[in-house]
Amino acid sequence: MLRGMAITLSLEGKTAIVTGGGRGIGKAITARLAEAGANVVIASRKLENLETTAAELADLGPRIVPVQCHVGEAEQIEALVSRTESEVGPVDIVVNNSATNLGQGSSLDATGAMLDKMMNVNVKAAMNLVHRVVPSMRERGGGSIINISSISGFQPQPGGLLYSFTKAGLNMLTRTWAREFGRWNVRVNGIAPGLIKTDFSRYFWDDEARRDKLVGDQPLQRLGQPSDIGFAAAYLASEEAAFMTGQTLVIDGGVLA
Ligand SMILES: NC(=O)c1ccc[n+]([C@@H]2O[C@H](COP(=O)([O-])OP(=O)(O)OC[C@H]3O[C@@H](n4cnc5c(N)ncnc54)[C@H](OP(=O)(O)O)[C@@H]3O)[C@@H](O)[C@H]2O)c1
């Protein structure tokens, strides 16, 4: 049946958690999920910023609920999910978006302590959150997990070894979880952005010469915006992507092409 299938992209009645949903890419994802009808719990360390974002986006969807959470602390992940379940509903969608980068530099200057911290926030947080929500998704017949990776997870970034390393790890979580959880209709996909204009990537776009060089080398010659990522997350979360799992969508202005 090819006629009469209007694109409906609806997340009505769904509950989503977006880590780092208060700003940058996470905020754009929150806006799109809310617009599609989901209740969205946004979680990160700075409650005040989350509250401002929740108020700013309040008219877009049913509920946007700010919850303070350091995702690198396992007990805070537990508290986040328990509170979401009791105050909003069982979790249908998780967007693992929070990340940290302790800075660019020679790989010879990278330390074990830096690696531990970055693994904790960029990889272990996703693992703890997924371990907590998947049993309930399985019981209820499915769910959607979206890991925000980076093109640095696919290609080495000189001066950014630890960040690339954690994102490559996240890509492997996406693929392995997809294979393990598919039988329960729990889909796991990722998004790998290129250079998007946020606080996180300030080093790459603040300096005009550095930015012009990077953007000039891209097929699409502009900086990406958080809004370039939001709709893809809504799509991956929705029934429109019901047969898609184990993939990481690259949205990078053509860099990896
Ligand atoms: N911008 C780019 O060019 C680019 C490119 C590729 C991939 N990405 C990825 O996109 C995602 C979002 O980044 P962004 O560019 O939107 O950066 P951003 O604006 O700096 O946002 C980062 C978010 O992570 C949260 N966060 C950081 N540490 C946390 C922690 N310990 N616990 C909880 N939340 C924490 C921050 O909130 P709090 O400060 O309130 O905790 C913030 O909301 C990241 O996974 C990043 O790796 C970005």
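Predicted, not measured: the structure shown is a model, and the values here were computed from it.

Asks: Explain the environment of Glu 73 to me, please; I cannot follow it from the model alone.
Replies: Checked against the element boundaries, Glu 73 lands in the loop between strand E3 (64–68) and helix H3 (74–87). Considered as a pair, Glu 73 and Arg 210 are 137 residues apart in the sequence and their alpha carbons are 35 Å apart.

Asks: Even after reading the chapter, I still don't get the site of the ligand, so can you show me in this structure?
Replies: Taken together, the neighbourhood of the ligand is formed by 29 residues, with Gly 20, Gly 24, Ser 44, Ala 99 and Phe 200 sitting nearest. No other element matches helix H1 (residues 24–35), which puts three residues into the shell around the ligand. Its residues assigned to classes, the shell around the ligand shows 10 nonpolar, 15 polar and four charged.

Asks: Help me understand the pairing of strand E6 (residues 186–193), please; the structure alone is not making it clear to me.
Replies: Strand residues, when the strand is regular, have side chains that alternate between the two faces of the sheet. Where burial is concerned, most of E6 is hidden: eight out of the eight residues are buried. Judged by which residues are buried, E6 turns out to be covered on both faces: Val 186, Val 188, Gly 190 and Ala 192 on one side and Arg 187, Asn 189, Ile 191 and Pro 193 on the other are all buried. Pairing analysis gives six bridges linking strand E5 (residues 143–148) to E6, with the strands arranged parallel. Bridge pairing links Ile 146 to Asn 189 in E6. What joins E5 to E6 is helix H5 (residues 161–181), and the crossover it makes is right-handed. Of the strand pairs in this sheet, E6 and strand E7 (residues 248–251) are connected by four bridges, and their pairing is parallel.

Asks: Where do I start with the packing of H1 against helix H8 (residues 227–237) in this structure?
Replies: Axes are the key here: two packed helices are described by the angle between their axes and the distance separating the axes. It is at 8 Å that the axes of H1 and H8 come closest, and there the two elements cross at 50 degrees. The orientation of H1 with respect to H8, classified from their angle, is oblique. Between H1 and H8 the crossing geometry is right-handed. Side by side, H1 and H8 meet where Ile 25, Ala 28, Ile 29, Ala 31, Arg 32 and Leu 33 of the first sit next to Ser 227, Ile 229, Gly 230, Phe 231, Ala 233, Ala 234 and Ala 237 of the second. Grouping the amino acids of the contact of H1 with H8 by side-chain chemistry returns 10 nonpolar, two polar and one charged.

Definitions and limits used
Residues numbered from 1 in each chain as written. Predicted model: local features only at pLDDT ≥ 70, side-chain atom pairs only at ≥ 80, totals over all residues. Helix = DSSP H or I, 4+ residues; strand = E, 2+ residues; numbered from the N terminus. Near = placed C-beta within 6 Å. Nonpolar A, V, L, I, M, F, W, Y, C, P; charged D, E, K, R; others polar. Buried ≥ 20, exposed ≤ 12 C-beta atoms within 10 Å, placed from the backbone. Pairing = 2+ DSSP bridges. Right-handed = clockwise from strand over helix to strand, strands pointing away. Axes fitted to C-alpha atoms, helices over the stretch in contact; angles between N-to-C directions. Parallel < 35°, antiparallel > 145°, perpendicular 65-115°, else oblique. Left-handed = near helix turned anticlockwise from the far one by under 90°. Contact = placed C-beta atoms within 7 Å.

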